[in-house]
Every structure is written in C-alpha cells, then in structure tokens.
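Listed below, chain by chain, are the residues.
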Amino acid sequence: MTKKVADSKEGNVPSKNIQRIKKIFYSQTLAPYIFILPFLLSFLIFFLYPTINTFFMSFHEVLGMGNQNFIGLTNYQRLFNQNFYEAIRTNTLYTIFLIIILIPLSMLFATLLNLKYLKGRNFFKSALFVPALTSIIVAGVAFRLLFGEMETAFVNSILIRLGFSAKQWTLNHDTGMFLMVSLASWKMIGIYMIYFISGLQAIPEELYESAEIDGANTISKFTKITLPLLKPISIYVLTILIFDGYRMFGESFVFWNEGMPGNIGLTIVRYIYQQAFQRNNMGFGSAIGIVLLAIVLTINLIQLRFFGVFKKEE
Amino acid sequence: MFLAVVMLASVMLTACSGLAPIPNTSGSSGGDTKTPQVAEPVSLNFWVFEELHSAFYKEALKDWNAKYPEKPVELVMESYPNAEMHNKLLIAIQSGVGAPDIVDINLNYFANFLMGDIQLAELNRVVDPVREYFVESRFDIYSKNGKVYGLPTHVGATVAYYNMEILNKAGVNPDDIVTWDDYIEAGKRVVEATGTPMVAFEVSDQRPFWPMIVQRGSDYLDENGKVILDNDINIDTLKRMHEMMYVHKIAVGMPGGKSWAEEFFPFMNQGGAASIVMPMWYMSRFLAYMPDLEGKIVVRPMPVWEEGDSRSAGMGGTGTAVTMQSKNLDLAIDFLANAKLTKEANIRIWEMLNFDPPRWDVWDAPELQEPDPYFGNEKIFNVMLEMKDEILSPNMHDLSAAAQDVVKESVMFRALHEQSLTPEEALKAGAEELRSQQK
C-alpha cells in the first residue's frame, strides 16, 4: 500500500492516483476485504498452510531440506502403541480434573464476588486474576521449587511438620498429575471467573426480585435462576476447557523439561514434541497432530450436540 | 478477534525482524576500505547450550587471532538451554536457513543430525593428521561411514568417585575394590557402619547403567545399529543394579532422579552416598556444586564385572560441528580445529572446563599432572593414563537419540524406581518400542 502512495507522488498526475486509491477505500464492496486482509493473510500463512502441510507430512518420512519419502499410513499405524495410549490417558484425566475443579470453583468465586455487599471485591477480583497474566513457565518454575523433592522444600517442610512424610512430587504418577492440575487451576481460575461474572451480570435483577416476592430462598434462586441462565457461559467454558486440556504442553514441560520418567507427564502435544523435535521424526509428529485434531473435534462436537447447541432457536 | 490481533502482531513482528540489518559475514570488503593492511575480521556465529563453553571459545578466539593475524575472526556467541538449542538447530537445518556457522551438539541429539542428507561439514581434513593422538572412540561417536562430523570436547571416561570420609568410617580402602562383587561387599560394610548408602543411581537418566553395559562390551544398539537393548548382558546388569537397591540395600535412587537435578547436589554434598559412578566431566560439577566435599573425594577406575572387562567407558559428549550453511566453511573448520584439536586447546579444556581432554598426549602435561586439593591431592590423570586403551564408547546410529530416551524415561524408571516391571520386562518393552521405530 505504501509503495503505491510513493509511486503516486512521483507520477505526473498524483491527484488522479489518490482518487483511485480513495475509491478503493470508499468502495462498499472492496473495503471489507481490505480490512480483513491482515487477518486473512496471517491465517493463510500461519494457520491454513501449516495445517495442510502437516496433513501431507503425516504420510511421509520427512528427511529435511524438502526431502520426503511417501510411506502411506505407516505413521498412523505406529500410533497404536503404549506411549500414545498413555498420552491420551494423561490428557483425558487432566481434562476431567480441570473440568471438575475449575467450573464449580470459578462459578463459586464469581457468585461470591458478584455480591453487592461483599467488601473489597475488586481487590479479590484482581487478586484472583493476576495468576492468569503470569507466564506458565515462570509460574511453573516457582511451583517446581515449592514442590521440590528435598525435605527442606516448602511444601515438603509443611507436610513433615504436619506429621506426613516428604514426597517425591515429580517422580510419581498421582503427584505428577496433582502438580499439573494445581498449576493449571491456580493459573486459569481467574479467567473463567471473569467469564462467569460477565454471565452473572447479564442476568436481569428483576428475576431475583420477583422470585423473592414469590418467597424463594437463596438456594432455590441459585438453582432455578442463576444456574440455568449461566448455561451458555458454562458450555463455552466447557468447550474451551476441553481444548485447553487436550492441547496442554506447558504445565508438563515446566516440570519435566527434558524427557520425563515413566511417561508421567506425557501428553499428546508432548508426544509430538518428543517425536518430531527430540527424535527428528517430523512425519510421525505430524500424524500425532492430525489425530489430536480429530480427537478434540470429535469430543467437542459430541459435547456441543449433547447440550443442544446446534438445535435451532425455538 | 483476539486471535486476529495476535496474528496481526506476529505478522508485524516478523516483518520488523526482517528489516534488521544483516551482519556482514562475507568479509570480502577488505580491499575496498581505506586501511587495506588490517584485514576485516570475519564474523562467525556460534551456538552453545552451556554458558561455560562460551568462555572457552572466547579464549580460543584470542589464541586464533594472535596466531593468524591475517585471517582475523570475530565470534558471535549465542547460548541457549539444551533442548531449546537443539530444536532451533534442527528446524534451521531442516528448512535450510538460519543455522549458525559452528555449533556445539550434545551427544544425546547428535544422531538426529546424521539422518538423511547430512547438513554438517565433513571434518576429516583436520582430524586425520592428529587422529593418532586422540582416544579414537571419541571420533567414532560423531562419525558416519568413516566421515567425522563433530570434534569431541572430552573423553567422559567413567570413574568411581569415593567419599573417603565415609569409607574411612567403615574401614574400606577403595584400592581393594576391583570387581563389582567387591564393591557390593564394601557397600554392605559402609551401610552397616554409617547407615549411609554406598551409591546413588540415576532412575530417570541412564547412568551408571550405560557405562556398566558398555564396559562389558554391550550397548543399546550394536555396531550396525540393530537394537540389542534386551540382550543377556544388559538384563543381567540391570538385575544386579536392582539387587543392589532392593536386596543388598546398598544403593538408592538419586533425589530428583538424576545426577544433574538440583535436589541431588545438596544430597551428595551432605554426604548422602559414599560413592557415585560418573564420567570424568562430573568433576566440574563437584567443584561447582559440592563445595563441602573438598579434599574428601578420590577418583578410581570403575569396578569390573569379570576379568577382561574394561575399567571405564566414555560417556556423554559434546560434538562441535560446522554447518553446511556457513558462508566461510573452510575458515570455520580451521578455527574449530585450532580451538579443539591442538595440544594447547586440550590443555585449555582441562584448565577452563575441568573435562578430561580427548587428546591423550597431554594427559601427562604438567598442567594436568598438578595435584588437585579437591580430589585428595592426587594426580587424577594417572588413573586415566593407566586405562587409556580400555575406554570404549557407545555405538551411535539413527536410533541413538530414541534409545537413550527410552532407557532414561522408561526402562530405568519402571525397573528401578516404580518397580512396575522387572528389569527383564522393562528392557524387553524398551527394545520392542525401539524395534517398532526401526525402518
């Protein structure tokens, strides 16, 4: 665009050129495309092209420098192995835990912080939201130090004082899962709380007033008015959580950054990372990526269907 | 919407970085400048994954520029975390742009760069003239089909480090320990007298299992790259390690699972184990992270399983390579050779990095023979000279990176820590996984 302007300055009839450019900008049909062009371009270059390329790579043995051998479905056949099953299992458990913890808790915080008479609620709101702004790696490093294996590490020293024994947090399956879920919950609860607060604020005050007149107590107000009206937000949160759960990488990477013992933190995306980058098998990595896409799409479609999102509005 | 903003931002960022001035790497402009006597230094990009190595190469740079004033060099050192640097390098090499001129490549990843069309420069031109002075197996691990692609940084000869304070309490003399059976007996006495375990094993990494099987002539892969991870020697070795932990109770898993975990250093520093079996380069970790053991540690050859076994094995390594993307290929190779293959360079490897230099004809140099107060005022390199011809190195093939991963992440952990599989089952499962990847 700038080039055109520059050209027009050199030309003999600049006003005519400017007119022409103005015409493009003011044109009803072209303007929208110009405005979405930056997004469209970045989408095509950084999203659509890599996705298509990944699909092709998944059928090849990738040797680098444009060197590829077509090997058909071999990469997909190799997916039937214990490691991949364990990765799916880790992701599924992780997602379930996140949903169980995050939806009720963030809803509870949102409801509490939405109460008019709660003092200092803006402070609590920001306090709960701040973790969302930290980088997962920075937060993770702090977590790793808190949950160190030595008896002098913060959490272990508390456990010992309470009469329990010190734990090897990163060397067991259950404690490893606990670390990942707690780090993710601590970090993400603020965001989901904000979603629910916005949902709560959209519920008209009159509904509660008329319910009060009819003699409803707090609990029935919550179950009969708040919960049903929060359904769209809840579905949205659930969808995002499923995505987040299945594409998790950072929470695991920060605890076991170079290889992990016994696949404790092996998620699907870590499996991609391991195969593609640590073992230079880009083709197999791509195949895992495509399967991940299929898994997440399927789960989300089933879930959205179950909640009737695709039904036409009555 | 948010996505669009992010993407737009990333477009702008990439656009900006595209505008950054490209450093002049040609160095050919010397003739046009006003001072033709002083040659323009050629700048070489150099990636390392260990900050300590930067200082070493800066010293090598001074040496080069003093020796060859007509071919001055300027180094642009970049230091990244281990895994990150190798990912970056892999992508740069796969895509054909962005790789540095020279790069330190960890042995764990080296095999990844010897697949397909090799994008590293062949170094035989500089290696062949000095080959006879080096521990030969250290070139083999960075070679493919007789061509050398990386210059070694150390031998990594595995030795036993004994904590004399603990051994003395139990009345054990490390010079009496010749076989692993002796070692186990000594270990029992140590545990009885002090309550301290004799040794700590890595349970989420591969030592001392790997050196233990290499000293018996076994490995993960044979010389043709075939998977032999589950052969009888390996099964027997892992079983014996398991017995040391759970039957004789003289061994424990390392806190943090590996010898480089932040939990392990204080454990060892406080006298947590009477000995460990690690490569020579681990001396630098003693010096850096375990100050309280000063004067208490002695270095001895590894015990053997039976007569005829080697008393050491060359473990780990950093191969420094020149990439084919370098615009000054010959200069980069010459610079690297001067930095790593000369006698002075190998003495510097000991002085600056505390590694056992791969060039054995410097082992009796006065700098290396100087007794070290940390290690019991002994002449450590006499131990090395004594076993110079016994130092085997592992076989390196396409599957090497994967094999090490499998042993670290699955075999060791499941057999020694979780005990969810017996040593035999764990090795069989690991070998199966590797075979399924073999084309």
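Cut-offs used in this document
Residues numbered from 1 in each chain as written. Chains lettered and ligands numbered in written order. Predicted model: local features only at pLDDT ≥ 70, side-chain atom pairs only at ≥ 80, totals over all residues. Heavy atoms only, no water. Helix = DSSP H or I, 4+ residues; strand = E, 2+ residues; numbered from the N terminus. Rg over C-alpha atoms; globule rule 2.2 N^0.38 Å. Buried < 20%, exposed > 50% of the residue type's maximum accessible area, 1.4 Å probe, protein only. Contact = heavy atoms within 4.5 Å. Areas by Shrake-Rupley, 256 points an atom, 1.4 Å probe, with all protein chains shown as cover. Lys, Arg positive; Asp, Glu negative; His and termini not counted. Charge placed at Lys NZ, Arg CZ, Asp CG, Glu CD. Buried area = accessible area lost by both parts, 1.4 Å probe. Salt bridge = Lys/Arg side-chain N within 4 Å of Asp/Glu carboxyl O. Polar contact = N/O pair within 3.5 Å; in protein donor to acceptor, adjacent residues only side chain to side chain. Nonpolar A, V, L, I, M, F, W, Y, C, P; charged D, E, K, R; others polar. Domains from an automatic or database assignment. Pairing = 2+ DSSP bridges. Axes fitted to C-alpha atoms, helices over the stretch in contact; angles between N-to-C directions. Left-handed = near helix turned anticlockwise from the far one by under 90°. Phe/Tyr/Trp six-rings, centres within 6.5 Å; stacked < 30°, edge-to-face > 60°. Lys NZ or Arg CZ within 6 Å of the ring centre and 35° of its normal. Core = buried A, V, L, I, M, F, W, Y, C linked by side-chain atoms within 4.5 Å.

1. Some words on the overall build of chain A
When you go through chain A residue by residue, the secondary structure sums to 15 helices and 2 strands. Taking 2.2 N^0.38 as the reference for a compact globule, 314 residues should give roughly 20 Å; the C-alpha atoms of chain A span a radius of gyration of 26 Å, well beyond that estimate. Counting over 314 residues, chain A shows a buried share of 41%. Across chain A, contacts joining residues at least 24 apart in sequence account for 64% of those joining residues at least 6 apart. Entry remark: accessible area of chain A is about 18300 Å², with carbon and sulfur atoms responsible for 69%. Positive and negative charge centroids in chain A, built from 26 and 17 side chains respectively, lie 8 Å apart.

2. Notes on the overall build of chain B
Of the regular secondary structure elements, chain B holds 18 helices and 11 strands. Against the 2.2 N^0.38 benchmark of 22 Å for 439 residues, chain B shows a C-alpha radius of gyration of 24 Å, consistent with a compact globule. Taken along its principal axes, the extent of the C-alpha atoms in chain B is 75 × 60 × 45 Å. Taking all 439 residues of chain B together, 60% fall into the buried category. Considering only contacts within chain B whose residues lie at least 6 apart along the sequence, 75% involve residues at least 24 apart. For chain B, the accessible surface area stands at approximately 17600 Å², while carbon and sulfur atoms represent 53% of it. Of the side-chain charges in chain B, 37 are positive and 63 negative, and the distance between the mean point of each set is 1 Å.

3. Structural notes on the interface of chain B and chain A
The interface of chain B with chain A comprises 41 residues on the first partner and 40 residues on the second. Carbon and sulfur atoms make up 52% of the area that chain B and chain A hide from each other, which totals about 3500 Å². Inspection of the region where chain B meets chain A yields 3 salt bridges. Among the ionic pairs, B:Glu262 bridges to A:Arg144, the shortest N-O distance being 3.8 Å. For the pair chain B and chain A, the number of links is 13 residue pairs in polar contact (both at pLDDT 80 or more). Of all elements in the fold, only helix H1 (2-19), helix H3 (82-95), helix H17 (400-418) and helix H18 (423-437) of chain B reach the threshold of two or more residues within the side of chain B that touches chain A. A total of 9 residues in the side of chain B that touches chain A trace back to one element, the largest contributor, which is H17(B). Of the residues contributing to the side of chain B that touches chain A, the split by class is 17 nonpolar, 15 polar and 9 charged.

4. With respect to the domain arrangement of chain A
Examined at the domain level, chain A breaks down into domain 1 (2-57) and domain 2 (77-306). Computed over C-alpha atoms only, the centres of domain 1 of chain A and domain 2 of chain A are separated by 40 Å.

5. With respect to the sheet that holds strand E11 (residues 318-322) of chain B
Residues and elements named next belong to chain B. One open sheet accounts for 4 strands, arranged E2-E1-E3-E11; its pairing is mixed. Looking at the sheet topology across the chains shown, the edges are occupied by strand E2 (73-79) and E11. Strand after strand, the sheet turns through a mean of 20° between neighbouring axes, direction not considered. Set on the sheet, H3 makes contact with strand E1 (42-48) and strand E3 (102-106); between it and E3 the angle comes to about 125°.

6. Some remarks on the packing of helix H5 (residues 82-113) of chain A against helix H12 (residues 231-246) of chain A
Residue and element names in this part refer to chain A. In contact at an axis separation of 9 Å, H5 and H12 are set at 145° when each is read in the N-to-C sense. As for the relative orientation of H5 and H12, their crossing is right-handed in sense. Residues Asn91, Thr92, Tyr94, Thr95, Leu98, Ile99, Leu102, Ile103 and Met107 of H5 form the contact with H12, whose participating residues are Ser234, Val237, Leu238, Leu241, Ile242, Asp244, Gly245 and Tyr246. Its residues assigned to classes, the contact of H5 with H12 shows 11 nonpolar, 5 polar and 1 charged.

7. Observations regarding unusual backbone geometry
For the peptide bond that leads from B:Arg207 to B:Pro208, omega is 5°, which places it in the cis range. Position of B:Pro208 relative to the elements: it lies in the loop between strand E7 (199-201) and helix H9 (209-214). The backbone of A:Asn280 sits at a positive phi, close to 50°, despite the residue not being glycine. By secondary structure assignment, the location of A:Asn280 is in the loop between helix H14 (268-278) and helix H15 (282-306). Looking at A:Asn280, the relative accessible area reads 8%, which means it is buried. For B:Asn354, which is not glycine, the phi torsion reads 60° and is therefore positive. For B:Asn354, the location among the structural elements is in the loop between helix H14 (343-353) and helix H15 (366-369).

8. Description of the pairing of E11(B)
Most of E11(B) is tucked away, with 5 of its 5 residues classed as buried. Of the two faces of E11(B), both are covered, the one formed by B:Thr318, B:Thr320 and B:Val322 as well as the one formed by B:Gly319 and B:Ala321.

9. Comments concerning the packing of aromatic side chains
Residues and elements named next belong to chain B. Applying the stated criterion to the full structure yields 45 aromatic pairs over all chains. Between phenylalanine 46 and tyrosine 57, the ring centres sit 4.3 Å apart and the planes meet at 40°, which makes this aromatic pair tilted. Placement of phenylalanine 46 in strand E1 and of tyrosine 57 in helix H2 (residues 51-67) is noted, with a sequence separation of 11 residues between them. Note on accessibility: phenylalanine 46 and tyrosine 57 belong to one class, buried. Ring geometry for phenylalanine 286 and phenylalanine 375: centres 6.2 Å apart, planes at 90°, overall edge-to-face. Linking phenylalanine 286 in helix H12 (residues 282-289) with phenylalanine 375 in the loop between H15 and helix H16 (380-386), this pair joins segments that are 89 residues apart in sequence. Through pairs of rings, three or more aromatic residues link up here, namely Tyr161, Trp281, Tyr282, Phe286, Tyr374 and Phe375. Here lysine 258 stacks its cationic end above the ring of tryptophan 260, 4.5 Å away from the centre of that ring. The lysine or arginine in question, lysine 388, covers the ring of tryptophan 360, its NZ or CZ lying 4.1 Å from the ring centre.

10. A few points about the nonpolar core
Residue and element names in this part refer to chain B. Formed by 81 residues in total, the largest nonpolar core has its most connected members in Leu120, Met198, Phe209, Tyr220, Leu229, Leu238 and Met244. Other than its neighbours up to four places away in sequence, methionine 198 contacts Tyr162, Leu167, Ile177, Tyr183, Ala186, Gly187, Val190, Val191, Ile250, Ala273, Ala274 and Ser275. The next biggest cluster of nonpolar side chains, apart from the first, holds 70 residues, and it includes Val48, Val130, Ala273 and Ala332.

11. Brief notes about the pattern of salt bridges
All names here are of chain B. Overall, the coordinates contain 30 salt bridges over all chains when judged by the stated rule. In this structure, the salt-bridge partner of glutamate 390 is arginine 311, at a minimum N-O distance of 2.9 Å. Pair noted here: glutamate 390 is in the loop between H16 and H17 and arginine 311 is in the loop between strand E10 (297-301) and E11, with a separation of 79 residues, a long-range link. Overall, the relative accessible area of 21% leaves glutamate 390 in the partly exposed class.

12. Some details on the domain arrangement of chain B
All names here are of chain B. What the domain assignment reports for chain B is domain 1 (41-150 + 316-369) and domain 2 (158-314 + 393-437). Taken over C-alpha atoms, the centre of domain 1 sits 29 Å from the centre of domain 2. Taken together, the 17 residues of domain 1 in the interface contact 17 residues of domain 2. Interface of domain 1 and domain 2: buried area, both sides summed, is about 1400 Å²; carbon and sulfur atoms make up 56% of it. Here domain 1 is connected to domain 2 by 1 salt bridge. The partner of aspartate 398 in a salt bridge is lysine 144, and the shortest N-O contact between them spans 3.4 Å.

13. Section: H14(A)
In terms of burial, H14(A) is a largely internal element, 10 of the 11 residues being buried. Listed in full, the buried residues belonging to H14(A) are A:Ile268, A:Val269, A:Arg270, A:Tyr271, A:Ile272, A:Tyr273, A:Gln274, A:Gln275, A:Ala276 and A:Gln278.

14. Details of the environment of B:Asp236
Residues and elements named next belong to chain B. Here aspartate 236 lies in helix H10 (residues 232-246). Here aspartate 236 falls in the partly exposed class, since its relative accessible area comes to 27%. As for aspartate 236 and proline 423, which are separated by 187 residues in sequence, their C-alpha atoms are 8.5 Å apart. A polar atom in the side chain of aspartate 236 sits 3.1 Å from the side chain of arginine 216.

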